[in-house]
Amino acid sequence: MTAEMTVGRDMAEFIPQKEIVYNGLLPYSDRLDREATELLAEIKANLCRAVLLRELWPGVAFWSRKLFSFLKLYGRRFSKDDHILFIKLLYELVTLPNLEPHMMQSYARLLIQLLKKKELLSRDDLQLPWRPLYDLYERVFYSKTEHLGLIWFPNSVDHILKALIKSCRLYFPASSTKEMLDEWRPLLCVFDVVMQKAISNMELFLPTIMPPEEHSQGFQLWFDELMHLWMSLQNQPSWEGHLVNLFARLANDNIGYVDWTPYIPTIFTRILRSLNLPVGVSQMVSPRYLTNSYDIGYIVLWVTALLGGPGNPAQKELTCLFNSIASFYHPSNHGRWQSRLMRLLQRLPASVVRRVHRERHASPCWITLVPEHQQLTDADLQEFTRSLTGASLLAMFSKTDSTDAAYALQNLALLTPELVIPPVLEKTYAAMETLTEPHTLTATLSCMIGMARSLVSPNNHYPEGRVHVLPLLMGSLPGVDPNDFSKCMITFQFITTFTTLVPLVDCSSAPSQRNDLTEIEKDLCFASAEFEDFVLQFLDRCFALIDSSTLEQTRDEMETDTQTHLESLVELGLSSTVSTILTQCSLEIYKVALQKVFNFATSNIFETCVSGRMVADMCRAAAKCHPSESLRLFVPHCCSIISHITDNEELQSEDELDKELLWNLQLLSEVTRVDGKQMLKYQGDLERILCVCVRLRCKRAYTLACSLLEHTLRSFSLIYPTEYRSTSGSFDTDLPIWDWGRPGDVAALGVCWHVPGPEEESFVFHLLSHLLHPELQRIKGHVSGEQPMSREELLQSLAIVQHCLLGAGNLLPPLDGPHASDLVSSMVNLGEVKLYIGVDYDASRENYRESICQTMRLLLHHILEHSEDDTKSLFVIIKIISDLMFFRGTQKKEFDSRWKSFTLVKKSMENRLLGKKQHIRALLIDRILLQHEMRKMVVEGSEYKVVHQDLLCDLLLLSTSTYSQVRSRAQNVLMAALGTYSFSYRDLIPRILQLLSPQHTGVTQQQFKGALYCLLGMYSGIPMASARDWEWVGQVWPALVRCGLSPTMSLEKPSIGRLLDDITDRILRQHDTIGVNFTVSEGCVEVAIQIAQSKNPTPCLEAPSKEEIKEGLQRQRIRNVVAARPWKFEHMATDWLSLLLREDHPLPPDAVLYFTQSLVHDSISIRKVAISAMAGILKQLKRLSKKVAVKPSDISGIEETDGLCVGDREGNRWLQYDSNNLPLTQEKWDSQCFVEKTHWGYYSWPREMMIYASSEKPKDDLPYEEMSEGEKIIFEYFSDPEFIDQLIEFLSLEDRKGKDSFNPRRFLLFKGLFRNYGDAFLPLLRPHLEQLASDPHESSQRCVCEITAGLIRGSKHWSFGKVEKLWQLLCPLIKTALTNITVETYTDWGTCIATACEGREPRKLHWLFELLMESPLSGEGSSFRDASLLYVLQGGLAQQQWRVSELLHRLLAYLEPKLTQVYKNVRERIGSVLTYIFMIDVALPHTRPTTSPHVAEFITRVLERLKPLTAEPEIHNHVHEENTQETDERTQAVKLLKTVLKWLMTSAGRTFTTPVQQQLQLLPLLFKIAPVEIDESYDEMKQDARTCLSLMSQGLLYPEHIPLVLAALEEMAGSRSWHARFSVLTYLQIMVFYNLFTLLSVPAEVLRIRKLVMQLLLDEQLEVRDMACTTLSGLLQCQFFPLDSSLQTQLQTLSQTSLPKARGELASTDLVRRHAGVLGLSACILSSPYDVPDWMPQILMDLSSHLNDPQPIEMTVKKTLSEFRRTHHDNWQEHRQCFTDDQLLVLTDLLVSPCYYA
């Protein structure tokens, strides 16, 4: 049976998953089905063959790249079964355990593409196990060996892996949730860093999309537990963000299945807190909040998912949220919070649009739908829009982010056009009228551009929008303004957008002919008569713009005659706008406009640089729309003028030609870029002119002629659509106004294509034989010496050749010929894929590509030999070579930029609500053209033929030639080619290395540099997948090291030295581990066998035979052995050698020897590398310790129940440090179970708990005989006293003064030594250690730190006897060192002890803890020493967390009497230590009361000692730092208070939950200290008190705490000190804002707050009243309580308190009452700074009557009025409409009256 038949039979039952629809619309779409089927069959066959043959490289790698290209070209054009098999195969490949990181990445990318469209495969079709993926993630992210340099990952790997997990988690089986929880629950210990790991793993892996019946196996298992954990957290720890992301994803995937109502106030409160907005005057933000704020994208997702449902509770909170932050959006406010607020505003509407699309318009698929009752109704959407409109309209004018606001408005207009568009229209019209504020015009226009589709399309919600189209277009015309560039561009964009949507057709006669039109439609028809006017006026504006930018006007004579960047942008805007307008015109309007353009272009003569290009572009844009009309005008006119001028013989050899000739050539060259079919009738004229003009001597003239040649050829030979109107067919069919804003219909696009016919083809080849052929002959003559040419003539010839190639490249078949010899051995076919691009090459015609190629090579060698300095010609030749190889009608750069601009336009015009490719027709046509061009661009993985080999060798010659510019251009082309042709680099590298080798003597410096640059380029340019085989590394690296001996290599040339550094650097950065053992798992093989048997299309090869598979396995084995070849080389090699350390292959002994010797090398950089390498080598040599499983319940004797019980409980008591039961003897040491991991047992126990076996006697030492070669070498060196002396001497040197700190690399070196060799080297090191410890120098101490930490960690598995001996040595040592501690070294010691205790069993380190606990605050020595000792102790204890509660108790008991320290540094340190002592006392769900110290008891004891202070009204700091012997209680209490303040400050940011009740008992004391005005004299206590208040007021409150806080505040409001009353208000402001929604959920407390503020408004102290006014306006502004009539009357009554007439003393209480009323009214005015609510005019009038009251009232009124004027000034035109005329009179009077200046 033939292949034809099988393909046909297969396709009969074939249902593709999802094709790219655009392929079906290409003019040659009938050929594509066959092509795709054959390609797929080939991919399937070769992929499974490569896997079965175990050939990961190059086989699998090559064909998986082909599959990637297949997805790009045809989409998912394969059956469901194939889809699933591909995914399974790649899943197996990605999770292969020893895959090199780079290959893993490329498979992961492909897998993400395959999984992208989740609706195509349901969970029933595909299930993926989660374990293998998790193991992979664990290996990469928490790699145990990466920091030792045993494996290197590329930088992008984390990002790709996370994306992969996101795509896969959908298909994890239902049981996976439980397995994951079992895996990660034991890690949930809040004090430990693993908490971060556990929570982020949950966020990444837990599946949330599942059918409702599986919910009980899914999120219901963890939802309550994690939600309660989150609710009880108070100070955003770094992992809280992950938790929020998980909840947001859950909410979004299960709308209507999770009940969020009880949590809504908390959610919104926390969202508001995480925006980090500044509140109040003197607020300090805890730095932690800035770093750990939530991800805006997830907040938006969560809020969107909460909306809707019965009562829509979330919407109320959202409205309130935006009301309270609206004023931050005003353009005059900005700060570091601004970008977050803008992102929130920009993404929220987009997210709601996505949700509505999903509920109403998405095509149904297997994912569960949103239940009816939870869907968003129209009323919900209107409510939503209203809550955001205010903020968006303010943000619209922001200086930096107005585009965000425009995007938000675009999406809101999709949801509810009737609410959003009118206010923006109003602002737009206003902006068009004013001339003074260009920024408002650009801002409003950009918003209108986004809303264009919603405005124009026939929308049932907002039909009157379309009436505005014409006024808007006419109004925008003045924006085409030569003097304001940005205004000009935005106007062009605006006009283009609107005219793309609206056909410009005059249909004013329609209403008289039809009677089925609505009123609005009739109005539209009459208005459309103005279109012609609009088009003509627009053209006039453009002509004016062009006239003002001629060369003479914009440049002095001296400057260049090229365009500036801005001009080229304007030119682009101009031509695209003209083109759009004329495309959309009816034929009548078009003819008028065309005549106008023609007259303008032909009645003037333009210079060809600036204005000429603009006019020519305009003419081209006009000609494109109806070529038959336009060519009839332009071609004969230009041709006659040109031929008339050139008839004169003498002209042909002149250097400068007449402007008229140049201008007409330029015009003609642009006008011919139109539909080729229409140009056939002018072929005679064109040919005649071309033959004359390309041979003119004047450079400008022949350049223009060449571009005319190129454009003519392109018009005839390319495939392209010929029209881009917004509806198919012409505009005279139906009533055009019905087509306004109509999207294109993919099913019926009706694209008109230009496909070159036989006539056109023959004309193209006719031109080539007349123009190209003679040039090639001429060049050959020049090379052979028969007819030498001057350089100028040669350049002209080359130009003609180049432009012919660029014009006709599409019709010339690509270079072909025999293959280059086999470069890589593979058992799989590595052939190239030929794509059909719509051209059938005619073999009978001359192949010009071949002949150009031969001629150019001849010329190139000729030039390099005879005139190498002719660089201009070389540049052209390089360009021609690159086009010969790659050019098939489209340049890569051009294609990329078009693709980019296509996506931009698509974004700005798409309708996300309806989806389903509802784009405008022009965009869809553009996308199809791009699809066609993409097929020409896919060349990667082409075969490497001999022709290419020759060209690449020529390029290499050029890359190493004399002139640097030639070199760099050639290198760029060379790199592109190496990336294109498979394995070509294997052919070139030996040639490059030859230039570097020391034997090769005749190398010039330029060649040497060129060769190095080529290597550098390879490291950055080639897709590294191809450049990663060992043979390659084996050639290049040694060669680079040896090239130091090359005679050319003079390091005097700094550039060469720099280059070598660059290469080294690039290799170091880009080197990720290259695979050594390519082993294929059984799972892969099984899937491959299934693919081999699959149908539709059947794979096109036989499955490999048994023998082949055997050979494949054999090769796999050989590959894995060969790769470990020994390396010997020299100096620069150290770095690279250290890159070659691997996990899976021990280093050969020579290398170990080399590194060991390098540890004492003279050069510091080599020593550094050797230290890191040594740590890695020791890790390779590590012996595994045996582990045994234990059951915790056996040890504790307590069976744990199923329910969650967290924290210190009977069941984990045995893990605690207990000084009565320490392992002090051999048998106790052996009998106890040691658990090294600190977090185990706190939350829950692991399923299977493995601990190190202590029962066996460890072999004390490795006997010398049993060591491997490498181990012996290290052992010998480290047992040599001289070596150790040298090493220690080097290690205790200073590297950079004052910058050095504890070096983890050195620590790892020593840890490895002591781990692998026990205490064998201790005797030698001991004298050094003792000598260093007593030397107070920074570098010596640092060296001791590193070795000590290494010793303690390395002795993890030593036997008891050894450990005891070790501590007998270490204890005195550490004591000595700590007595010598200095400012420079105390952090190093802290790090040392913390490192030593990290992840270690506390009972094994009891010597260390007891030593540190002895007496930290001895008081001997300085206060500095005390603080440092505490710091070191804290480092150790903090690592041990909850397992040393006994030590914490001892420490607290020791510290409590000493809390009254005099010295500030000791106080601060004690504060920090206290934080750690109480950190374990948390109030988290299910957590038992801890056995560690409790805060509550401590505070009670402290308050007892602070008694003397509670009676005083204000507390001042009388204690000065002299150590006076006053021991009265008051002084002691003040000292104590200072320490307590330090503790409150440090704990605010560190602890997980805040003990609110206990802190409230301290509040009264703080209020008494905190000063109001910041006095200049720095008083530590007052500053601290203010900080504490600020931090406490930001704390998160729970509903049960609120009454307690308010009670405390009310008590303080009655205090005698007005400072305290003042502070109550500042505290209140911040507290309310940071707990807004929680407070609003308890209405009774809101009333209490209102009462409290009103009480303070009547305070006798003026400052307090003022502050109360500010507080009131703030509360009103975030609508904390409404401004209802009762509040207004209350204030008005107060303000009308009559003042006694007596001229004597004013009765003060009356004045206070009256002032309070006025302040209250002024608070109302200030509470709405940017709008005028309906109550405002009246209150303003009331206030104005108080202008003549006695002070302080008068002052208040003036301030309020001036503030009102400042905030309402911007939009006064709008605001004044809210006032009656009388009120306006009074206001104008007030705001400019003399009293305003008084």
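Computed from a prediction, not measured in an experiment: that's the story for all the values here.

Participant: Which residues make up the overall build of the chain, and what values go with them?
Facilitator: When you go through the chain residue by residue, the secondary structure sums to 80 helices and six strands. Going through the 1798 residues of the chain one by one, you find that 59% of them count as buried. Intrachain contacts of the chain at a sequence separation of at least 6 include 81% that bridge at least 24 residues. By element, 53% of the accessible surface of the chain is carried by carbon and sulfur atoms, the whole surface being about 73,300 Å².

Participant: Lay out the side chain of Gln-971 with the relevant residues and their values.
Facilitator: Counting through the fold element by element, Gln-971 comes out in helix α42 (residues 964-980). Classification of Gln-971 by relative accessible area gives buried; the value is 10%. Beyond its immediate chain neighbours, meaning those up to four positions away, Gln-971 contacts Ser-959, Gly-1010, Tyr-1013 and Cys-1014.

Participant: Requested: an account of empty space enclosed by the protein, with residues and values cited.
Facilitator: In the structure shown here, the tally under the stated rule is 15 cavities of 30 Å³ or more. Looking at the largest cavity, its volume works out to about 400 Å³. What lines the largest cavity is a set of 30 residues, and nearest its centre among them are Ala-1548, Thr-1554, Pro-1555, Gln-1559 and Met-1592. Mapped onto the lining of the largest cavity, the elements with two or more residues apiece are α64 (1464-1478), α66 (1529-1550), α67 (1556-1569), α68 (1580-1593) and α70 (1618-1634). Element by element, the count of residues in the lining of the largest cavity is highest for α66, at five residues. For the lining of the largest cavity, the class distribution of residues is 18 nonpolar, 11 polar and one charged.

Participant: Help me get a handle on helix α63 (residues 1445-1455), residues and values and all.
Facilitator: Three or more residues of α63 are buried, namely Ser-1445, Glu-1446, Leu-1447, Leu-1448, Leu-1451, Leu-1452 and Leu-1455. Structurally, α63 contributes buried residues whose contacts are with α61 (1406-1413), α62 (1423-1440), α64 and α65 (1495-1510).

Participant: Got a sec to walk through a positive patch on the surface? Specific residues and values, please.
Facilitator: There is a patch of like positive charges on the surface, built from Lys-18, Lys-116, Lys-117 and Lys-917. By the secondary structure assignment, Lys-117 is in the loop between α5 (101-115) and α6 (131-141).

Participant: Mind laying out the packing of helix α36 (residues 791-808) against helix α37 (residues 848-866), listing which residues take part and the relevant values?
Facilitator: It is the contact of α36 with α37, at a shortest axis distance of 12 Å, that shows an interaxial angle of 150°. Taken together, the axes of α36 and α37 lie roughly antiparallel to each other. Crossing angle aside, the handedness with which α36 passes α37 is left-handed. On α37, the residues that touch Leu-794, Leu-798, Val-801 and Leu-805 of α36 are Ile-852, Met-856, Leu-859 and Ile-863. The class makeup of the residues in the contact of α36 with α37 is eight nonpolar, no polar and no charged.

Participant: Describe unusual backbone geometry, with residues and values.
Facilitator: Here the bond from Gln-1751 into Pro-1752 is cis, since omega is -5°, no more than 30 degrees from zero. Mapped onto the elements of the fold, Pro-1752 is located in the loop between α76 (1736-1744) and α77 (1753-1768). Even without a glycine there, the phi angle at Asn-276 is positive, about 55°. Within the element layout of this structure, Asn-276 appears in the loop between α12 (264-274) and α13 (287-291).

Participant: Break down the environment of Leu-341 for me, citing the residues and quoting the values.
Facilitator: As for its position among the elements, Leu-341 is in helix α16 (residues 338-361). On the basis of relative accessible area, Leu-341 is assigned to the buried category, the value being 2%. Remark: the alpha-carbon pair of Leu-341 and Ala-395, spanning 54 residues in sequence, is separated by 9.9 Å. Not counting residues up to four positions away in its chain, the partners in contact with Leu-341 are Leu-275, Leu-277, Ile-325, Phe-328 and Tyr-329.

Participant: So what about the nonpolar core? Which residues, and what values?
Facilitator: Ranked by internal contacts, the top residues of the largest apolar core, which has 549 residues, are Trp-260, Ile-325 and Tyr-329. Core analysis: the second largest hydrophobic core is formed by 15 residues, Tyr-28, Leu-749, Val-751 and Trp-753 among them.

Participant: Report on the packing of α70 against helix α73 (residues 1662-1677), specifying residues and quantitative values.
Facilitator: The geometry of α70 relative to α73 is characterised by a closest axis approach of 9 Å and an angle of 10° between their N-to-C directions. By the angle between their axes, α70 is roughly parallel relative to α73. Taken together, the residues of α73 that come into contact with α70 (itself represented by Trp-1618, Arg-1621, Phe-1622, Leu-1625, Thr-1626, Gln-1629 and Val-1632) are Glu-1663, Val-1664, Met-1667, Ala-1668, Thr-1670, Thr-1671 and Leu-1675. Residues that form the contact of α70 with α73 fall into these classes: eight nonpolar, four polar and two charged.

Participant: Got a sec to walk through the packing of aromatic side chains? Specific residues and values, please.
Facilitator: Taken as a whole and judged by the stated rule, the model has 64 aromatic pairs. Plain terms: the ring middles of Tyr-944 and Tyr-981 are 6.4 Å apart, the flat faces sit at 35° to each other, and that makes the pair tilted. Placement of Tyr-944 in the loop between α40 (921-937) and α41 (946-959) and of Tyr-981 in the loop between α42 and α43 (985-996) is noted, with a sequence separation of 37 residues between them. Relative accessible area serves as the criterion here: at 4%, Tyr-981 is assigned to the buried category. Members of the aromatic cluster, each reached through a chain of ring pairs, are Trp-130, Tyr-134, Tyr-137, Phe-141, Tyr-142, Phe-172, Trp-184 and Phe-205. For Arg-969, the ring lying beneath its charged end belongs to Phe-875, and the centroid distance is 3.7 Å.

Participant: Can you lay out a negative patch on the surface for me, pointing to particular residues and giving the numbers?
Facilitator: A grouping of Asp-506, Glu-530, Glu-532, Asp-533 and Glu-588 is seen on the molecular surface, where their side chains present a negatively charged patch. Checked against the element boundaries, Glu-532 lands in helix α25 (residues 531-547).

Participant: Please give an account of the confidence of the model for the chain that cites residues and values.
Facilitator: This prediction gives the chain a mean pLDDT of 83; 86% of its residues lie at or above 70. Across residues 1117-1137, confidence stays below pLDDT 50; counting only partners more than four residues off in sequence or on other chains, it has 50 contacts. Taken as a whole, residues 1793-1798 scores under 50 in pLDDT and shows nine contacts with residues more than four places along the chain or in a different chain.

Participant: An account of the environment of Asp-883 is requested, with residue identities and associated values reported.
Facilitator: By secondary structure assignment, the location of Asp-883 is in helix α38 (residues 871-886). Between the alpha carbons of Asp-883 and Leu-805 there is a distance of 7.7 Å; along the sequence they are 78 residues apart. Dropping the residues within four chain positions of it, Asp-883 is found in contact with Leu-805, Leu-806, Arg-849 and Gln-891.

Participant: Lay out the environment of His-1746 in plain terms, naming residues and giving numbers.
Facilitator: Mapped onto the fold, His-1746 is located in the loop between α76 and α77. Along the backbone, His-1746 and Val-1757 are 11 residues apart, and their C-alpha atoms lie at a distance of 7.1 Å.

Participant: Quick rundown of the state of the cysteines? Include the residues and the values.
Facilitator: Applying the stated criterion across every chain, the model contains zero disulfides. Its sulfur unpaired, Cys-507 is 4.3 Å from the next cysteine sulfur, which belongs to Cys-525. Given a relative accessible area of 6%, Cys-507 falls into the buried group.

Parameters at a glance
- Residues numbered from 1 in each chain as written.
- Predicted model: local features only at pLDDT ≥ 70, side-chain atom pairs only at ≥ 80, totals over all residues.
- Heavy atoms only, no water.
- Helix = DSSP H or I, 4+ residues; strand = E, 2+ residues; numbered from the N terminus.
- Buried < 20%, exposed > 50% of the residue type's maximum accessible area, 1.4 Å probe, protein only.
- Contact = heavy atoms within 4.5 Å.
- Areas by Shrake-Rupley, 256 points an atom, 1.4 Å probe, with all protein chains shown as cover.
- 1 Å grid on protein atoms, 1.4 Å probe; cavity = no way out; pocket = protein on both sides within 12 Å on 5 of 7 lines; lining within 4 Å.
- Points joined across faces, edges and corners; volume = space filled by probe spheres on them.
- Nonpolar A, V, L, I, M, F, W, Y, C, P; charged D, E, K, R; others polar.
- Patch = residues over 30% accessible without salt bridge, like charges linked within 9 Å, V, L, I, M, F, W, Y side chains within 5 Å.
- Salt bridge = Lys/Arg side-chain N within 4 Å of Asp/Glu carboxyl O.
- Lys, Arg positive; Asp, Glu negative; His and termini not counted.
- Charge placed at Lys NZ, Arg CZ, Asp CG, Glu CD.
- Axes fitted to C-alpha atoms, helices over the stretch in contact; angles between N-to-C directions.
- Parallel < 35°, antiparallel > 145°, perpendicular 65-115°, else oblique.
- Left-handed = near helix turned anticlockwise from the far one by under 90°.
- Core = buried A, V, L, I, M, F, W, Y, C linked by side-chain atoms within 4.5 Å.
- Phe/Tyr/Trp six-rings, centres within 6.5 Å; stacked < 30°, edge-to-face > 60°.
- Lys NZ or Arg CZ within 6 Å of the ring centre and 35° of its normal.
- pLDDT = per-residue confidence, 0-100.
- Disulfide = S-S within 2.5 Å.

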